[in-house]
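Survey of secondary and tertiary structure
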Amino acid sequence: MEELDRRQFLRRAGGAALAASLAPTGFELVRASNASKRSDPRLRALARELRGPVYAPGSRGYERTHRIVNLRYAGVDPLGVAQPETVADVKACVRWGHRYGVRLVPRSGGHSYAGYSTGRGALQVDMRRMAAVRLDGASGTAAVGPGAQLMKVYLDLAAHGVTIPAGSCPTVGIGGLALGGGYGLASRRFGLTTDNVRRVGIVLADGRHVTASRGKHPDLFWACRGGGGGNFGIVTGFRFRVHSVHDATRFSISWPWDEAEAVVHAWQKWAPHAPDELDSILNLHTDTGSPHVHCVGQYFGSTRRLQSLLHPVTRVGTPSVSMRTQPYGDVQKWLAGCSGETPSQCLAYSPERFAAKSHYFRRPLSSSGRTAIVHAISRAQDLHRSGAVILDAYGGAINRVHPHDTAFVHRKELFSAQLYVSWGSHHAEHSTLKWLRDLHARLAPHASGFAYQNYIDPELASWQHAYYGSNWTRLVDVKRRYDPDDFFHFRQSIPPG
Ligand SMILES: Cc1cc2nc3c(=O)[nH]c(=O)nc-3n(C[C@H](O)[C@H](O)[C@H](O)COP(=O)(O)OP(=O)(O)OC[C@H]3O[C@@H](n4cnc5c(N)ncnc54)[C@H](O)[C@@H]3O)c2cc1C
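Residues numbered from 1 in each chain as written. Predicted model: local features only at pLDDT ≥ 70, side-chain atom pairs only at ≥ 80, totals over all residues. Heavy atoms only, no water.

**Structural notes on the domain arrangement of the protein chain**
This is how the line gets drawn: Just so you know, the domain bounds were taken from an automatic or database domain assignment. Any two residues whose heavy atoms approach within 4.5 Å are treated as being in contact. Once two parts are put together, the accessible area they lose, assessed with a 1.4 Å probe and summed over both, is termed the buried area. Only one rule defines a salt bridge in this text: a Lys or Arg side-chain nitrogen within 4 Å of an Asp or Glu carboxyl oxygen.
The domain boundaries assigned to the protein chain delineate domain 1 (32-129), domain 2 (133-244) and domain 3 (247-464). Each of domain 2 and domain 3 has a C-alpha centre, and these two points are 23 Å apart. Each side of the interface is counted separately: domain 2 has 31 residues, and domain 3 has 44 residues. The contact between domain 2 and domain 3 buries some 2,900 Å² in all, and 62% of this surface belongs to carbon and sulfur atoms. Per-residue buried area on domain 2 facing domain 3 is highest for Y183, L185 and R188; these three make up 32% of the total on that side. Counting every contact that joins domain 2 to domain 3 gives one salt bridge. D195 serves as the salt-bridge partner of R411, at 2.7 Å between the closest nitrogen and oxygen.

Below, the structure written as structure tokens:
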């Protein structure tokens, strides 16, 4: 049976060859204090103030660090890259930005779809050296640095028998993920990543470092849970509530392509209403071969019980089903497509050129909506593109939070659909984006009008409503209070008024 998860899908789409250019930072990096005397004097001034390194264009460190995952933005060259190691370093970056009038762009995992963690002429504040994961068993919480990649978080916590809900891509940074929501295969049980944040340490536009929680700076705390990265300051650390977990059952179901429409029909009626312990993603995609439809998920329970819970979808067509109960860390590696790999192999980036859009759905897709998806994937195959429609089940703990309790407003949705496409050469861009836009437009009449802010889409017209809905006005108020001069800004950032 073909089991193709998203990471394998991305890897096969051609990014692996470039992974080396985004290798995690390490001993090969040049310390900023030793940087070339010919580099920008502003960067040399910054380097003198930081404990962590600063990289100027032309240095080896710059070449190894400044690119982000989406290769569409590979040609965007920041003025320099700073890698803070302490809160004091981050504060120094903000002071420096004001002194020289340079925009700062925070970067954690570098997975921003729209390239918002880099910027021409900006200082990229790369948080990957602030990536420690420390469990405090007594309080049932963990302190996590924003630069930690998800697989590191999973494995470090699983070693202590605990977890937080997060996404399935191993290399995504907890920084961007948690600030914009954070959906994963434990979310129907434990909520979104952001729902588990208890405190946020953040350096504000005025250079102060504050801790936001329910009791301190409650509006800022609210905004940092779903308002999206890059808007209110640079997060220097999270404290998360953790959940006990020892093992889980992971599963995969695949069907022949001609059963795809019937599978979507059954999945959408079942997945959002399954018990909280059961979470699943339905993936329709095409790569180099014929299109596939498969469902992956995890269940906090036995294989025996899972078999009967899966019946509403396994009774459709002629599925191939596999399932296995494993230690939690192993399940996360399997879901990430890196079973059998070392942690450092699993944490190697897979850059590629891609674009994505999303919709949320409050009603099951009608036959015309389902057919639109199936036809689009078949069409992508005809065009020789790697295209996918990935449906994430909501409901459960996600939807028990009131839409106004956090800045993440999407609490009434049955599922989201991510429309994702990647391509190799610039020549293919025009026809590939047309495929994506057409599919997005075809599904719009079936959707709720909202979209997921972590799948940030630079083309989305009414993004203010789509990402934030009735939370928009309060987000603008918080921005005005904490960053009245719009020091932290990008094309789709929340304005101060
Ligand atoms: C391959 C892939 C798989 C994905 N899988 C999932 C998934 O399973 N579930 C899910 O919910 N999402 C998923 N996403 C979407 C992901 O949540 C977003 O792209 C998220 O913003 C990535 O965070 P990052 O730290 O890696 O990205 P970055 O590009 O570093 O940051 C994203 C945004 O946050 C800002 N930011 C980063 N760090 C900080 C900080 N410390 N303080 C303030 N602002 C900051 C950046 O400036 C940027 O605007 C996936 C994305 C990709 C590319």
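After that view of the structure, there is still more to cover.
**Focus: the packing of aromatic side chains**
Which entries qualify depends on this criterion: In this scheme Phe, Tyr and Trp rings, the latter by its six-membered ring, pair at centre separations within 6.5 Å, and the angle between planes marks the pair as stacked below 30 degrees, edge-to-face above 60, and tilted otherwise. Runs of E in the DSSP output that reach at least two residues are strands. Runs of H or I that reach at least four are helices, and both are numbered from the N terminus. Each residue gets one of three labels from its accessible area relative to the maximum for its type: buried under 20%, exposed over 50%, partly exposed in between, using a 1.4 Å probe on protein chains only. By definition here, charges over rings are those cases where NZ of Lys or CZ of Arg is within 6 Å of the ring centre and within 35 degrees of the ring normal.
For the structure on display, the rule yields 19 aromatic pairs. On the basis of an interplanar angle of 90° and a centroid distance of 5.2 Å, the ring pair of Y113 and F354 is categorised as edge-to-face. Pair noted here: Y113 is in the loop between β3 (104-107) and β4 (123-126) and F354 is in strand β16 (residues 353-361), with a separation of 241 residues, a long-range link. Each of the two residues, Y113 as well as F354, counts as buried. Look at Y467 and Y468: their rings are 6.2 Å apart centre to centre, the planes differ by 80°, and that puts the pair in the edge-to-face class. For the cation-ring pair, R189 lies above F300, with the distance from its terminal atom to the ring centre recorded as 4.6 Å. Taking the ring centre of F221 as reference, the NZ or CZ of R225 above it sits at 3.8 Å.

**Examining the site of the ligand**
Quick reminder of the rule: Throughout, the term near means that a residue has one or more heavy atoms lying within 4 Å of the molecule or strand in question. For the purposes of these results, a polar contact is taken to be a pair of N or O atoms within 3.5 Å, where, inside protein, one atom must be able to donate a hydrogen and its partner to accept one; residues adjacent in sequence count only when each atom of the pair is a side-chain atom. Shrake-Rupley sampling with a 1.4 Å probe provides the accessible areas, and residues are treated as covered by the protein chains on show and by no other component.
For the ligand, the set of nearby residues contains 33 residues, the closest of which are P106, S108, G110, S117 and Y452. Residue S117 places a side-chain N or O atom 2.6 Å away from an oxygen atom belonging to the ligand. The backbone of Y183 places a nitrogen or oxygen atom 2.8 Å from a nitrogen atom of the ligand. Alone, the ligand offers 950 Å² of accessible surface; in the complex the protein occludes 96% of this. Elements with a contribution of two residues or more to the shell around the ligand: α1 (6-15), β3, α6 (174-180) and β10 (234-241).

**A short note on the sheet that holds β3**
Here is the rule we go by: Note on pairing: DSSP must find at least two bridges between two strands before they are called paired. Lines are fitted to the C-alpha atoms to define the axes, a helix being fitted only along its stretch in contact, and any angle between axes, read from their N-to-C directions, falls within 0 to 180 degrees.
Read from one edge of the open sheet, four strands run β1-β2-β4-β3, paired in mixed fashion. Strands with a single pairing partner mark the edges of an open sheet, and in this sheet they are β1 (54-55) and β3. Along the sheet, helix α4 (residues 87-100) makes contact with β2 (80-82), β3 and β4, crossing β3 at roughly 155°.

**Some thoughts on the state of the cysteines**
Operational definition: Here, a disulfide means two cysteine sulfur atoms that sit within 2.5 Å of each other.
Within the structure shown, the criterion is met by one disulfide. Sulfur-sulfur distance for the disulfide between C338 and C346 comes to 1.9 Å. Look at C338 and you get buried, because its relative accessible area is 0%. Exposure remark for C346: the relative accessible area of 0% places this residue in the buried category. Lacking any disulfide linkage, C169 is separated from the closest cysteine sulfur, that of C346, by 9.0 Å.

**Re the sheet that holds strand β5 (residues 133-136)**
By way of backbone hydrogen bonds, the strands of a sheet pair with one another, either parallel or antiparallel. The sheet built from five strands is open, its strands ordered β5-β6-β10-β8-β9 with antiparallel pairing. Edge positions in the open sheet fall to β5 and β9 (209-212), since each of these has one partner strand only. Put simply, the sheet's adjacent strands are angled 15° from each other on average, direction ignored. As judged from the four bridges shared by strand β6 (residues 141-144) and β10, these two strands associate in the antiparallel manner. Considered in β10, the bridge of A142 is made with F240.

**So, the nonpolar core**
For the record, the criterion: In plain words, nonpolar cores are sets of buried Ala, Val, Leu, Ile, Met, Phe, Trp, Tyr and Cys residues tied together by side-chain atoms within 4.5 Å.
Counting residues in each nonpolar core, the largest one holds 135 residues, and the members touching the most others are L220, W267, L282 and L284. Apart from the residues lying within four places of it in its own chain, the contact partners of L284 are W257, A260, V264, H292, V293, I373, V374, I377, G387, A388 and V389. The next biggest cluster of nonpolar side chains, apart from the first, holds 24 residues, and it includes A92, L104, L123 and M130.

**What about the environment of G226?**
Mapped onto the elements of the fold, G226 is located in the loop between α8 (218-223) and β10. In this structure G226 comes out as buried when scored by relative accessible area, which is 0%. Taking the C-alpha atoms as reference points, G226 and G180, separated by 46 residues in sequence, lie 4.2 Å from one another. Apart from the residues within four sequence positions on either side, G226 is in contact with A178, L179, G180, G181, T194, A407, F408, Q453 and Y468.

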